[in-house]
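Chains, contacts and geometry: an overview
Each chain, written out:
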Amino acid sequence: MSYDDADHDWWQHAVIYQIYLRSFADGNGDGIGDLTGLRQRLPYLHELGVDAIWITPWYPTPGVDGGYDVSDYCGINPEYGTLADADAVIAEAHRLGIRVIADLVPNHTSDQHPWFRRAAAAEPGDAARDRYWFRPGRGERADQPPNNWQSLFGGPAWTRLTPDGPDWYLHLFAAGQPDLNWTDPQLAGEFDAVLRFWFDRGIDGFRIDVAHGLSKDPQLPDLLAEDEQTLLGGAQQGHPHWDRDETIDIYRRWRAVADSYDPPRVFVAEAWVEGTERLRRYLSPDALHSAFNFGLLGCPWDAAALRREIVDHLAGLGRTAPATWVLSNHDVIRHVTRYGRAQTSLDEARQRYGEPVDLDLGRRRARAAALLTLALPGSTYVYQGDELGLAEVEDLPAAVRQDPNASEAPGRDGCRIPIPWAPDGTPSHGFGATDRGWLPSPPGWAGLSVAVQDGDPDSSLTLYRTALAVRRKLRAPGDEHDLHWFEAGPAVLAFRRGALGCVVNLGAEPVRLNAGANVVLSSGSGDPGVVEPDTAAWVHLPAGGDELF
Ligand code: TEU
Ligand code: CA
């Protein structure tokens, strides 16, 4: 299989698999995932049937925030390999028909990036300083932060450059991640060169980290009220550091670069903004192609709530951009665990971390959710391990945890555990040749490993493989914006996208399908004509039929 180079719209209907590189596959046995490991496992992704992979940051980094602290945008972290290894991954992925999306981190660099070192060494007032946000502290001794902004990882968003000097620098994330100043006249050109560097190497697009954060109000005013200090500050017009209109001008410039390539390269924005209306501002034929929709991350397992999310997202986007669907990623509690605890929001899921959880129920619902999101119009993201039904690992000892994010204690390590490949008796279940990975694996994960699930008709892996194959087969051009709902009671989601009908039962009673319904896939087991509670079924509806019930 290979893809069609002339299909410039592939991103409108793609299934994109997120590679958390450090935890995917270890090629040299040092316990850390790497590019050789990824290349060796590309056939697995080919067999899974994904259209593209998004690889989390692979650049040189001190590793303060899992590589989201970049010290060289045009290199490869030696732990992960070399530029030649990256080239080999890109070439081999393309040979297998898989497109490659890299991760761009334009909101901040590492404090070890030469730009920051140069800026920090320069005198106040020197032009080198303009690349970041330096300000004198408040108070007579300048020992108070310049304003009241808070880091997303906890504490003030400012760190003093030297213990006694007047100047502080801004970091909306860790202190090792100083925020870039996008009003610096040279910076845009620097990033154009970074885009070209990777596009020239053949990558198909970029995921843009913190895409809602690049521009700041140059006055750096205090946030007014406690409630403005939230991540989703975009509800207020003119938030001083989130979701500002100037940011979109940066993306217009990037789009011109992406469009100058053949085939054109694409962008997906990680923009945490308030609602699809605001997200839409980023999306247009002269700005970004698509953006993650995080609506499902906090959505409870509830038919009305899910339907509202789906309807609002599709209506909010109109035809400006394809819908996107995300159930999990490397920043949030895995959805097997969220659904097993029946949380009603992402915040609640975080508050209930470590509480008793029904993982059988969570897995049952996660299987149904997979069929739901893979049937919807648009593109769907699968986070590595979703296809195996992995749950959050919540009992990691504090001593092995690495995530600096103190505001989401105990951090995000529990969704970043190495992938279990085979029950080979090693503690990391075949992840690498060494005893254990950079984070320890639960002993029980041997039974969830790829080799165990491979070929088992009831496994989560088999469900995903079959679903992706059916999705590919039944898709027709034009399906991207097509969704037709059927009314089947308050606890049931039933809809058709082109020739694919989907019924999800979120209630307590079984739902019987029409006797003639051609059920092609079920997330449950037993009679395919009955959709049991917490399961979903796919029905082939040729010629847009409606014979579901
Ligand atoms: O995340 C952006 C971000 O806002 C995160 O704080 C996220 O909202 C939070 O973890 C949700 O639980 C991106 C990356 O995905 C994340 O891994 C990085 O830590 C962050 O940027 C800084 O680069
Ligand atoms: Ca390795």
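As shown above, the structure is provided for reference.
These lines cover the structure that appears in this document, whether it is placed above or below.

Thoughts on the overall build of the protein chain
Looking only at helices and strands, the protein chain has 12 helices and 18 strands in total. A compact globule built from 549 residues should have a C-alpha radius of gyration of about 24 Å, and the protein chain, at 23 Å, falls within 12% of that. Once the C-alpha set of the protein chain is aligned to its principal axes, its extents read approximately 80 × 50 × 50 Å. Expressed as a percentage of the 549 residues in the protein chain, the buried residues total 60%. Long-range pairs, those at least 24 residues apart, make up 68% of the contacts in the protein chain with a sequence separation of at least 6. Just so you have it, the protein chain exposes about 20200 Å², and 51% of that area is on carbon and sulfur atoms. With 49 positive and 79 negative side-chain charges, the protein chain shows a separation of 2 Å between the mean positions of the two kinds.

Points about the sheet that holds strand β16 (residues 518–522)
If you trace the 5 strands from one edge of the open sheet to the other, you get β12-β13-β14-β18-β16, paired in antiparallel fashion. The open sheet has two edge strands with one neighbour each: β12 (484–486) and β16. Sheet twist, expressed as the average angle between the axes of neighbouring strands with direction ignored, equals 25°. With 3 bridges connecting them, β12 and strand β13 (residues 492–497) associate as antiparallel partners. In the strand pairing of β13, Trp485 is matched with Phe495. Running at roughly 30° to β13, helix α7 (residues 303–317) makes contact with β12 and β13 of the sheet.

As for the site of ligand 1
The local shell around ligand 1 holds 19 residues, among which Asp65, His108, Asp209, Asp331 and Arg350 are the closest. Within the contact set of ligand 1, an oxygen atom lies 2.6 Å away from a side-chain nitrogen or oxygen of Arg350. Within the contact set of ligand 1, an oxygen atom lies 3.0 Å away from a side-chain nitrogen or oxygen of Arg412.

Notes on helix α2 (residues 83–95)
Residue pairs three or four apart in sequence face the same way in an α-helix, which turns once every 3.6 residues. Spanning 13 residues, α2 covers 18 Å between terminal C-alpha atoms, matching the ideal 18 Å at 1.5 Å per step. When we look at burial in α2, the residues that qualify are Ala86, Val89, Ile90, Ala93 and His94. Taken down its axis, α2 places every buried residue within 125° of arc, on the same side. Along α2, exposed side chains directed more than 90 degrees from the buried face belong to Ala84 and Arg95. Check the buried side of α2 and you find it contacts α1 (35–48), β2 (52–55) and β3 (99–104).

Some words on the packing of aromatic side chains
All told, the structure shown has 30 aromatic pairs when counted by the stated rule. Arranged with centres 6.1 Å apart and planes meeting at 75°, the rings of Tyr17 and Phe24 form a pair that is edge-to-face. Looking at Phe24, the relative accessible area reads 1%, which means it is buried. Judged by centre distance (6.0 Å) and plane angle (65°), the ring pair of Trp182 and Trp254 falls under edge-to-face. Taken together, the residues Trp182 in the loop between β6 (167–170) and α4 (187–200) and Trp254 in helix α5 (residues 246–259) connect sequence positions 72 residues apart. Like Trp182, the residue Trp254 is buried in the burial classification. In this structure, Arg338 is placed above the aromatic ring of Tyr339, and the distance from its NZ or CZ to the ring centre is 6.0 Å.

Details of the side chain of Ser110
Mapping Ser110 onto the fold places it in the loop between β3 and α3 (114–121). Among residues more than four places away in sequence, those in contact with Ser110 are Pro62, Asp69, Val70, Ser71, Phe116, Gly176 and Pro178.

Things to note about the pattern of salt bridges
Using the criterion set out here, one finds 36 salt bridges in the structure. For Asp51, the salt bridge is made with Arg472, and the minimal N-O distance between the two is 3.2 Å. Placement of Asp51 in the loop between α1 and β2 and of Arg472 in helix α12 (residues 460–474) is noted, with a sequence separation of 421 residues between them. Look at Asp51 and you get buried, because its relative accessible area is 18%. Residue Arg472 is classed as partly exposed on the basis of its relative accessible area of 40%.

Here we look at the packing of helix α10 (residues 359–375) against α12
With their axes 11 Å apart at the nearest point, α10 and α12 run at an angle of 15° to one another. Viewed along their axes, α10 and α12 adopt a mutual orientation that is roughly parallel. In the packing of α10 onto α12, the handedness of the crossing is right-handed. Along the contact surface, α10 presents Arg367, Ala370, Leu371, Thr373 and Leu374, while α12 presents Ser460, Leu463, Tyr464, Ala467, Leu468 and Arg471.

Re the coordination of the calcium ion (ligand 2)
The calcium ion (ligand 2) binds to the protein through Asp26 (OD), Asn28 (OD1), Asp30 (OD), Ile32 (O) and Asp34 (OD); the donor distances cover 2.3 to 2.4 Å. Binding-site remark: the calcium ion (ligand 2) is held by donors from one chain whose sequence spacing is D-x1-N-x1-D-x1-I-x1-D. By relative accessible area, Asp34 is classed as buried at 4%.

Quick look at unusual backbone geometry
With an omega of -5°, the peptide bond between Asp262 and Pro263 qualifies as cis. Topologically, Pro263 is positioned in the loop between α5 and β8 (266–269). The phi dihedral of Val210 is positive, around 45°, even though this residue is not glycine. Here Val210 shows up in the loop between β7 (205–208) and α5. Given a relative accessible area of 3%, Val210 falls into the buried group. Even without a glycine there, the phi angle at Leu220 is positive, about 45°. Mapped onto the secondary structure, Leu220 falls in the loop between β7 and α5.

What counts and what doesn't
- Residues numbered from 1 in each chain as written.
- Chains lettered and ligands numbered in written order.
- Predicted model: local features only at pLDDT ≥ 70, side-chain atom pairs only at ≥ 80, totals over all residues.
- Heavy atoms only, no water.
- Helix = DSSP H or I, 4+ residues; strand = E, 2+ residues; numbered from the N terminus.
- Rg over C-alpha atoms; globule rule 2.2 N^0.38 Å.
- Buried < 20%, exposed > 50% of the residue type's maximum accessible area, 1.4 Å probe, protein only.
- Contact = heavy atoms within 4.5 Å.
- Areas by Shrake-Rupley, 256 points an atom, 1.4 Å probe, with all protein chains shown as cover.
- Lys, Arg positive; Asp, Glu negative; His and termini not counted.
- Charge placed at Lys NZ, Arg CZ, Asp CG, Glu CD.
- Pairing = 2+ DSSP bridges.
- Axes fitted to C-alpha atoms, helices over the stretch in contact; angles between N-to-C directions.
- Near = heavy atom within 4 Å.
- Polar contact = N/O pair within 3.5 Å; in protein donor to acceptor, adjacent residues only side chain to side chain.
- Expected span 1.5 Å × (residues − 1).
- Arc of directions from axis to C-beta.
- Phe/Tyr/Trp six-rings, centres within 6.5 Å; stacked < 30°, edge-to-face > 60°.
- Lys NZ or Arg CZ within 6 Å of the ring centre and 35° of its normal.
- Salt bridge = Lys/Arg side-chain N within 4 Å of Asp/Glu carboxyl O.
- Parallel < 35°, antiparallel > 145°, perpendicular 65-115°, else oblique.
- Left-handed = near helix turned anticlockwise from the far one by under 90°.
- Donors = N, O, S within 2.8 Å, 3.2 Å for Na, K, Ca; no water.

Scope: geometric values only; no functional claims are made or implied.
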